[in-house]
Amino acid sequence: MNDDNSRDLYDRALSVMPGGVNSAVRAAIEPYPFFVQKGEGGHVIDADGNRYVDWVLGLGPLLLGHDLPEPVQAGIQQKASEGPMYGTPTEVEVDLAEFVVRHVPSVEKIRFVNSGTEATTSAVRLARGYTGRNKIVVMQGGYHGAQESTLVEGDHENPRPSSAGIPQSFAEHTLPVPFNDEDAVREVFEEHGDDIAAVLTEPILGNYGIVYPEEGYHEFLREITDEHGSLLIFDEVITGFRVGGLGCAQSEFGVTPDLTTFGKIIGGGFPVGAIGGRAEIIENFTPSGDVFQAGTFSGHPVTMAAGLETLKFAAENDVYEHVNGLGDRLRRGLTDIVADQAPSYTVTGTDSMFKVIFTREGPGPDSLEEQCPAGCRQDPTCPRYDYSPKNAGDVKNAETERWRRIFWGQMKEQGVFLSQNQFECQFVSYGHTEEDVEETLEAYKHAL
Ligand SMILES: *Cc1c(COP(=O)(O)O)cnc(C)c1O
C-alpha cells in the first residue's frame, strides 16, 4: 500500500499545525495518519488512492455515510447558495427544533450551538445556574468534549485535571465515579448531596470501548438525582439519533433526563451541538434567563438544513433498519469469530455501534454458548458476565497496545478503517452494504 502522499502531507502539516492535526485523536495513528481525499458510500479514498471500508465515519456524525441522498444535498446547497449566515434567526432553525421536540421524549425546548464541547459546557453552566450548586458528578472514562469541567480524572476524593492548563481549583468541583457502580454514586451524594448540580453521563460509554449500562443503572441515577434536587444530564452527542432511532438512547432505556446534550448526527456532518430539556430549565439561558449563552455561528443555516434533511430522511426511509441490521450482523459475526479465535475478547455495541474489546485472558467461562449474541448487554446470566468490561478501569486493562500497534494496522492493510485506538467507537452508516460487512468480518478473521 503506497502512502507517499499522506506522508508528504503529514510532513507539511507538522510544520504548521501542532502534532500535524486539528484534533488530538487523529494523530493516534502511527507513524502518521492517512489523509482522506474523498468519501464514497461507506468507503473513504486516501490521498494515495487507497480505498478503505470506513467504520469511523467522522467519529460519529455520518448516519447516512459519505454520499448524501438528494434531498439532503439539495437542502445544504440551497442554504449555502443563499448566503452563509446572518446574525438574525432563520426558519430552518425552528424547523429542526420542532423536529427534535417532536421525537425526543425529554426535550421541550432546545438551544443549538456549534460543537458537542460547547453543548456540554453550556449544559453544565445551566445546571449550576439553575440549581445554584457547584459540583458535577461524571463517569470515569466518559467523554464530554474538551472543556474545563469534565477534563478531570482520578476519583471523587481526589479529582485532578486530566490536561495541563486547568486549575486544580476547577477540578475540585467535578466528582468522577466508576460507571455502573451504584454504591460509588450513593457515597458521593451522602458526602456532597447538597452541592451536586448534576450527574452528567453518556447513556452508553461511547468513547471508552462501548460499555453498556447494567439493568436499572439509569433508573437509579434518575431516582437519586430526584431525591437530592440535582439534575440528570444525558450526553447523547454520540447516541443521539443513533441508538434508539429518532427517540435517542433515552427512549431505548425509558429514562427521562432533565437535560440532554446533542452533537454529531444532529448537524448532518456539519459542526453542531445542542442542549435540550424541560422548558422550565432551558428557559434559564439568556435572554429569557440569566445563564449566559451565545454564539456567532449557532443555528447556522447550512448546518440546520443538513441536520433537518438528514433526520427527515431517516424518518421517511429504512435508515435505522438498515444500519441496525448491519450492526447486528457485524456483532453476531464478530461474536462467532471471537469465540473461535480469541475467546477472552468481548464484542460490544448496540444498534449501529460496534467494537471488540481486547479483554485479557482471565477466569473466563468454560463455554460461550449462552453469551449475549450481538454485543455485551451486561446480562447477569451470560457466562461472560463476570469478566465483561463494566467501567473505564476494565477497558483500560484490556490489551490496548495490541489493538493499536498490531491489530489496527493489519485491518488497514486489508482495506478496513477502524477507529484510531481501543477506546473510540465504530459506526455503521446507511452507505454501508452487506458486502462491506462480509469483507470486514473476513479481515477480522485474519487479524485477530
Ligand atoms: C464527541 C463527543 C463530545 C464532543 O463533541 P465535539 O463536537 O467533538 O466537541 C461530547 N460528548 C460525547 C459523548 C462525544 O462523543
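Residues numbered from 1 in each chain as written. Predicted model: local features only at pLDDT ≥ 70, side-chain atom pairs only at ≥ 80, totals over all residues. Heavy atoms only, no water.

1. Comments concerning the overall build of the chain
Right, on to step 1. Regarding its fold elements, the chain presents 14 helices and 16 strands.
Right, on to step 2. Against the compact-globule benchmark of 22 Å for 448 residues, the chain has a radius of gyration of 21 Å, which places it among compact chains.
Right, on to step 3. Principal-axis analysis of the C-alpha atoms gives the chain an extent of 60 × 55 × 45 Å.
Right, on to step 4. Looking at the 448 residues of the chain, the share that counts as buried comes to 56%.
Right, on to step 5. Once local pairs closer than 6 in sequence are excluded, the contacts in the chain between residues at least 24 apart make up 72%. (Helix = DSSP H or I, 4+ residues; strand = E, 2+ residues; numbered from the N terminus. Rg over C-alpha atoms; globule rule 2.2 N^0.38 Å. Buried < 20%, exposed > 50% of the residue type's maximum accessible area, 1.4 Å probe, protein only. Contact = heavy atoms within 4.5 Å.)

2. Notes on the UniProt feature "modified residue: N6-(pyridoxal phosphate)lysine" (unreviewed entry) in the chain
Right, on to step 1. If you check UniProt for "modified residue: N6-(pyridoxal phosphate)lysine" (unreviewed entry), the listed places come out as Lys264 in our numbering.
Right, on to step 2. Relative to the elements of secondary structure, Lys264 occurs in the loop between β11 (259-263) and β12 (273-277).
Right, on to step 3. Beyond its immediate stretch of four places on either side in the chain, Lys264 contacts Leu59, Gly60, Pro61, Val237, Ile238, Gly269 and Val272. (UniProt positions renumbered as here; feature names shortened; annotations may be inferred.)

3. A few points about the sheet that holds β12
Right, on to step 1. If you trace the 7 strands from one edge of the open sheet to the other, you get β4-β12-β11-β10-β9-β5-β8, paired in mixed fashion. Since the sheet does not close on itself, it has two edges, and those belong to β4 (109-113) and β8 (174-177), each with one partner. Here the strands of the sheet are splayed against their neighbours by 20° on average, with no regard to which way each runs.
Right, on to step 2. Where strand β5 (residues 135-139) and strand β9 (residues 196-201) come together, 4 bridges link them in parallel fashion. From the neighbouring strand, Ile136 faces β9, where its bridge partner is Ala198. (Pairing = 2+ DSSP bridges. Axes fitted to C-alpha atoms, helices over the stretch in contact; angles between N-to-C directions.)

4. Comments concerning the packing of aromatic side chains
The geometry of an aromatic ring pair is captured by the separation of the ring centres together with the interplanar angle, meaning the angle of the planes.
Right, on to step 1. For the coordinates displayed, the defined rule picks out 16 aromatic pairs.
Right, on to step 2. With a centroid separation of 6.5 Å and 85° between ring planes, the pair formed by Trp408 and Phe417 is classed as edge-to-face. The pair formed by Trp408 and Phe417 is uniform in burial state, with each residue classed as buried.
Right, on to step 3. Through a chain of ring-to-ring contacts, three or more aromatic side chains come together here, namely Tyr345, Phe358, Trp403, Phe407 and Tyr444. (Phe/Tyr/Trp six-rings, centres within 6.5 Å; stacked < 30°, edge-to-face > 60°.)

5. Considering the sheet that holds strand β16 (residues 426-427)
Right, on to step 1. Taking strand neighbours across the sheet as the criterion, the 3 strands line up as β13-β14-β16 in an open arrangement whose pairing is antiparallel. Edge positions in the sheet fall to β13 (346-348) and β16, since each of these pairs with one other strand and no more.
Right, on to step 2. Sheet strands touched by helix α11 (residues 319-341): β13 and β14 (353-357). Its angle to β14, the strand with the most contacts, is close to 10°.

6. Focus on the site of the ligand
Right, on to step 1. Looking at the ligand, the residues that line it are Ser115, Gly116, Thr117, Tyr143, His144, Gly145, Glu202, Asn207, Asp235, Val237, Ile238 and Lys264.
Right, on to step 2. In the model, an oxygen atom of the ligand is placed 3.1 Å from a nitrogen or oxygen of the Asn207 side chain.
Right, on to step 3. A distance of 2.7 Å is found between an oxygen atom of the ligand and a side-chain nitrogen or oxygen belonging to Lys264.
Right, on to step 4. Residue composition of the shell around the ligand, by class: 3 nonpolar, 6 polar and 3 charged. (Near = heavy atom within 4 Å. Polar contact = N/O pair within 3.5 Å; in protein donor to acceptor, adjacent residues only side chain to side chain. Nonpolar A, V, L, I, M, F, W, Y, C, P; charged D, E, K, R; others polar.)

7. Some details on empty space enclosed by the protein
Right, on to step 1. If you walk through the whole model with that rule in mind, you get 2 cavities of 30 Å³ or more.
Right, on to step 2. What the largest cavity holds in volume is close to 80 Å³.
Right, on to step 3. In terms of lining residues, the largest cavity is bounded by Thr335, Val338, Thr346, Val347, Gln371, Cys372, Gly375, Cys376, Cys382 and Arg384.
Right, on to step 4. Mapped by element, the contributors of at least two residues to the lining of the largest cavity are α11 and β13.
Right, on to step 5. Partitioning the lining of the largest cavity into residue classes produces 5 nonpolar, 4 polar and 1 charged.
Right, on to step 6. Roughly 50 Å³ of volume is contained in the second largest cavity.
Right, on to step 7. Along the walls of the second largest cavity sit Pro61, Leu62, Leu63, Leu64, Gly65, Leu68, Gly268, Gly269 and Thr310, which together make up its complete lining. (1 Å grid on protein atoms, 1.4 Å probe; cavity = no way out; pocket = protein on both sides within 12 Å on 5 of 7 lines; lining within 4 Å. Points joined across faces, edges and corners; volume = space filled by probe spheres on them.)

8. Quick look at unusual backbone geometry
Right, on to step 1. With an omega of 0°, the peptide bond between Glu30 and Pro31 qualifies as cis.
Right, on to step 2. The residue after Thr286, namely Pro287, is reached through a cis peptide bond having omega 10°.
Right, on to step 3. Here the phi dihedral of Phe241 falls at roughly 65°; this positive angle occurs in a residue that is not glycine.
Right, on to step 4. Along the chain, Phe241 turns up in the loop between β10 (231-235) and α8 (248-253).
Right, on to step 5. Judged by its relative accessible area of 0%, Phe241 is buried.
Right, on to step 6. Look at Cys248: it is not a glycine, yet its phi comes out positive at around 70°.
Right, on to step 7. Along the chain, Cys248 falls in helix α8.

9. Quick look at helix α6 (residues 182-192)
Right, on to step 1. Those residues of α6 that sit buried are Ala184, Val185, Val188, Phe189 and His192. Viewed along the axis of α6, the buried residues span an arc of 135°, placing them on a single side of the element. Summarising the geometry of α6, the exposed residues directed more than 90 degrees from the buried face are Asp183 and Glu190.
Right, on to step 2. Lining the buried residues of α6 we find β5, β8, β9 and α7 (217-228).
Right, on to step 3. Among the residues of α6, the N-terminal cap falls to Asp181, whose side-chain oxygen and the backbone nitrogen of Asp183 are separated by 3.2 Å. (Arc of directions from axis to C-beta.)

10. Some details on the state of the cysteines
Right, on to step 1. Considering all chains together, one arrives at 0 disulfides under this definition.
Right, on to step 2. A disulfide-free cysteine, Cys376 has its sulfur positioned 5.5 Å from the sulfur of Cys372, the nearest such atom.
Right, on to step 3. Its sulfur unpaired, Cys425 is 14 Å from the next cysteine sulfur, which belongs to Cys376.
Right, on to step 4. With relative accessibility at 2%, the residue Cys425 sits in the buried group. (Disulfide = S-S within 2.5 Å.)

11. Notes on the domain arrangement of the chain
Right, on to step 1. Taken domain by domain, the chain holds domain 1 (4-66 + 319-447) and domain 2 (70-316).
Right, on to step 2. Distance from the C-alpha centre of domain 1 to the C-alpha centre of domain 2: 25 Å.
Right, on to step 3. On the domain 2 side, the residues contacting the 35 residues of domain 1 number 31 residues.
Right, on to step 4. Counting the surface lost from both domain 1 and domain 2, the interface buries some 2700 Å², and carbon and sulfur atoms represent 64% of this.
Right, on to step 5. For domain 1, the biggest contributors to the area lost against domain 2 are Tyr320, Met353 and Phe423; these three give 21% of the whole.
Right, on to step 6. Across the domain 1-domain 2 interface, the total number found is 0 salt bridges.
Right, on to step 7. Across the contact surface, domain 1 and domain 2 share 11 residue pairs in polar contact (both at pLDDT 80 or more). (Domains from an automatic or database assignment. Buried area = accessible area lost by both parts, 1.4 Å probe. Salt bridge = Lys/Arg side-chain N within 4 Å of Asp/Glu carboxyl O.)

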